[in-house]
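Analysis of the macromolecular model
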Amino acid sequence: MFNLSNELKQLPDKPGVYLMHDSSDVIIYVGKAVSLKNRVRQYFQASRKVTPKIEKMISHIAWFEYIVTDSELEALVLENNLIKEHSPRYNTMLKDDKTYPYIKATLGEPFPRLLFSRQMKNDKSRYFGPFTSAAAVREVIELLNNMYHLRNCNRTIAVESSGKLSDSDGSSAKIPTDSKNRPCLYYQLKTCPAPCVGAIDRDAYRENFDKALRFLQGETSEVIQDLKHNMKQASDEMNFEEAAIYRDRIDVIKRITEKQKITSDENEDRDVLALARSGDEAVMQVFFIRNGKLLGREHFYLTGVEYEKDEDVISSFIKQMYSGTPYIPREIVTECEFSDAETILDWLSSKREHKVYAVVPSRGSKRRLLELAKKNAYMILIKDSEKLRDEKRKTEGAMDEIRTLLGLDNLSRVESYDISHINGFETVGSMVVFEDGKSKKNDYRKFRIRSVSGPDDYGSMDELLTRRFEHGLREGLSEGDSFSHLPDIIFMDGGKGQVNVCESVLEKLNLSIPVCGMVKDDHHRTRGLYFHNEEIPIDTHSEGFHLITRIQDETHRFAIEYHKQIRSKGQVHSILDDIPGIGPKRRLSLMRAYASIDDIANSTEDELASVEGMDRKSAKAVVEFFSHHEHYKPNQPDNQA
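Attention in this report is confined to the structure presented alongside it. A quick note: this is a predicted structure, and the numbers were derived from the prediction, not measured.

Our focus in this paragraph is unusual backbone geometry. Within the chain, His149 stands out as a residue other than glycine whose phi angle is a positive 55 degrees. As for its position among the elements, His149 is in the loop between α5 (134–148) and β8 (158–159). Here Glu353, not a glycine, exhibits a phi torsion of approximately 65 degrees, which is positive. Here Glu353 lies in the loop between α11 (341–352) and β15 (357–359).

With that out of the way, let us pick up the pairing of strand β2 (residues 27–33). The buried fraction of β2 is high, at 7 of 7 residues. As defined by bridge partners, strand β1 (residues 16–21) adjoins β2 across 6 bridges and the pair is classed as antiparallel. Looking across to β2, one finds that Tyr18 is bridged to Gly31. Taking the residues that link successive antiparallel strands as the turn, the β1-β2 hairpin has 5 residues, and the phi of Asp25 there is positive, at about 70 degrees.

Residues that lie three or four places apart on an α-helix share one face, since the helix turns once every 3.6 residues. In a regular helix each residue adds 1.5 Å, so 14 residues correspond to 20 Å; helix α10 (residues 310–323) covers 20 Å between its end C-alpha atoms and thus fits that length. Of all 14 residues in α10, 10 are buried; the element is thus mostly enclosed. When α10 is considered as a whole, its buried residues turn out to be Val313, Ile314, Ser315, Ser316, Phe317, Ile318, Lys319, Gln320, Met321 and Tyr322.

As a further point, take the nonpolar core. Counting 31 residues, the largest nonpolar core has Ile103, Leu114, Leu144, Phe215, Leu216 and Ile253 as its most contacted members. Among the secondary structure elements, those contributing two or more residues to this core are β5 (102–105), α5, α7 (202–216), α8 (221–236) and α9 (240–258). For this core, the leading source of residues is α5, giving 7 residues. Dropping the residues within four chain positions of it, Phe215 is found in contact with Val140, Leu143, Leu144, Thr220, Val223 and Ile253. If you look at the next biggest cluster of nonpolar residues, it comprises 26 residues, including Leu76, Ala282, Phe338 and Leu348.

Thresholds, definitions, all that
- Residues numbered from 1 in each chain as written.
- Predicted model: local features only at pLDDT ≥ 70, side-chain atom pairs only at ≥ 80, totals over all residues.
- Heavy atoms only, no water.
- Helix = DSSP H or I, 4+ residues; strand = E, 2+ residues; numbered from the N terminus.
- Buried < 20%, exposed > 50% of the residue type's maximum accessible area, 1.4 Å probe, protein only.
- Pairing = 2+ DSSP bridges.
- Expected span 1.5 Å × (residues − 1).
- Core = buried A, V, L, I, M, F, W, Y, C linked by side-chain atoms within 4.5 Å.
- Contact = heavy atoms within 4.5 Å.

In short, shape yes, function no, at least from these values alone.
See the structure below:
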């Protein structure tokens with residue numbers, strides 16, 4: 001039993017992270033503290049002065065736990081990881097979880113390549129970006145590969161210590177004449193110099209690759225000049241198709257470089273962050289500046305900011321934003337100083353392995369850029385505020401309608417179940433989860449019914465629910481297990497019968513969870529809810545009704561989809577799979593060579609061994625299998641493989 005008074009007395013005067021739980025054991029808030037003793041106690045002091053949001057959060061706290069760390073920096077990292085894992089309701093949350101594309105130059109390879117990447121690893125490669133358009137990144141890579149004849153295959157090219165190209169057996173490589181090691185089609189199309197077969201040496205290849213690197217660093221004038229020269233030469237020779245290719249490449253470069261606006265004479269990497277907010281809605285606009293050029297911009301939606309100070313919102317955003325992106329700029333420009341700046345900058349510096357600075361400009365080019373970003377943020381907020389409100393109305397608003405209709409105090413997590421089978425064959429069940437009106441697909445679960453044979457929906461549902469909630473009550477569950485979170489309400493895809501089955505299981509396990517049936521009419525359309533032994537009508541034009549329909553349709557879809565998977569697996573099984581030594585390839589060879597299982601069973605060992613892919617040993621295994629098979633009778637009709 002959690003004793004608040006005793007737990008507060010035992011709080012250590014050390015840095016760490018604290019987690020607030022509600023009565024359903026759901027984590028509703030995660031915070032960090034330099035001193036857990038001082039910070040956590042503040043929430044429960046009568047004289048506390050907190051925002052209305054935090055006051056509401058405190059009213060839902062049933063118990064708390066904490067994790068002690070060695071430093072405030074460790075607490076910051078742990079806090080951010082826990083927030084991303086649990087998405088607590090009362091934390092300021094970054095709604096977008098985006099990863100940005102980079103161009104990866106694999107400098108650690110003998111013949112390096114340019115690759116598309118969404119991760120920036122600590123390896124021998126060099127990364128350019130981030131870019132906000134994946135299409136633009138692929139376009140640039142294709143352009144440079146074609147222009148400088150760079151390889152784009154995944155083949156590992158070994159090089160001797162002397163620098164010579166070698167095959168996997170260590171012998172020096174020459175351009176082979178056999179079909180097995182012949183250069184690929186890209187070599188024939190003259191888009192790859194075939195370093196894999198020694199058609200180009202490392203120095204010549206690296207010279208071309210270095211030109212591509214200079215292009216990525218912003219030195220495009222040389223490239224455009226070369227292309228114009230080639231275009232004119234092709235045109236003079238009346239080779240207009242080739243000239244058009246050079247013209248198109250010039251256009252691609254111009255489109256790319258037009259997006260890069262010079263922002264300063266300094267070749268710095270910096271991110272400019274500007275916040276726009278209205279009530280509980282906020283947008284953070286980020287400008288990505290690399291080598292003094294604005295390469296792109298992106299905006300992010302934030303929730304839970306209504307009573308938060310700007311410095312706290314910016315602080316939360318920075319922690320969540322840079323924990324998910326591999327590149328950390330040298331400088332972060334913000335409109336005001338943010339909370340925990342010293343600790344956060346230490347953390348970013350350790351990730352970047354170089355010093356990271358925060359700047360709050362009052363004038364000059366950085367201030368003008370910040371004001372531009374802020375204007376963009378407000379434009380996005382105004383433009384999308386209605387869309388955000390509409391989304392909230394369809395999710396959280398719809399859940400609130402259902403909660404009011406059913407007379408419940410709290411409604412966040414909904415679980416819905418359904419059974420699928422064909423005349424009792426391969427019966428399966430589905431568990432679908434919605435939280436705050438949105439599907440939570442990571443918590444979906446599939447069940448293959450074991451104890452029930454034949455078309456028994458009630459018996460199958462009894463097994464499904466018993467397994468689900470016994471799992472949830474079992475000790476030693478990992479925190480990430482979806483079964484460890486009990487629902488606020490259970491929706492059954494059916495009326496009184498299914499509800500009674502569920503309530504019987506809950507009673508058997510001593511669980512008290514409301515159960516509601518989703519009742520359909522004669523046309524298989526939802527018409528109302530069955531709750532507390534009565535059918536409750538619902539406005540078919542309300543958002544609550546639309547949400548119930550989405551939950552019901554999703555539950556049904558998920559169950560049917562799983563049943564189709566099970567059926568398809570069963571249908572591709574063949575008796576040949578049971579023969580030792582006969583794998584998928586040999587089975588396919590036999591099915592191509594023979595019209596039926598009868599023909600295979602009646603074939604001799606010599607005949608089977610002559611089939612492509614078969615050998616004497618596997619042919620003998622087939623003959624022995626059918627000669628000892630008790631239930632198989634040769635020459636039966638319609639016994640197809």
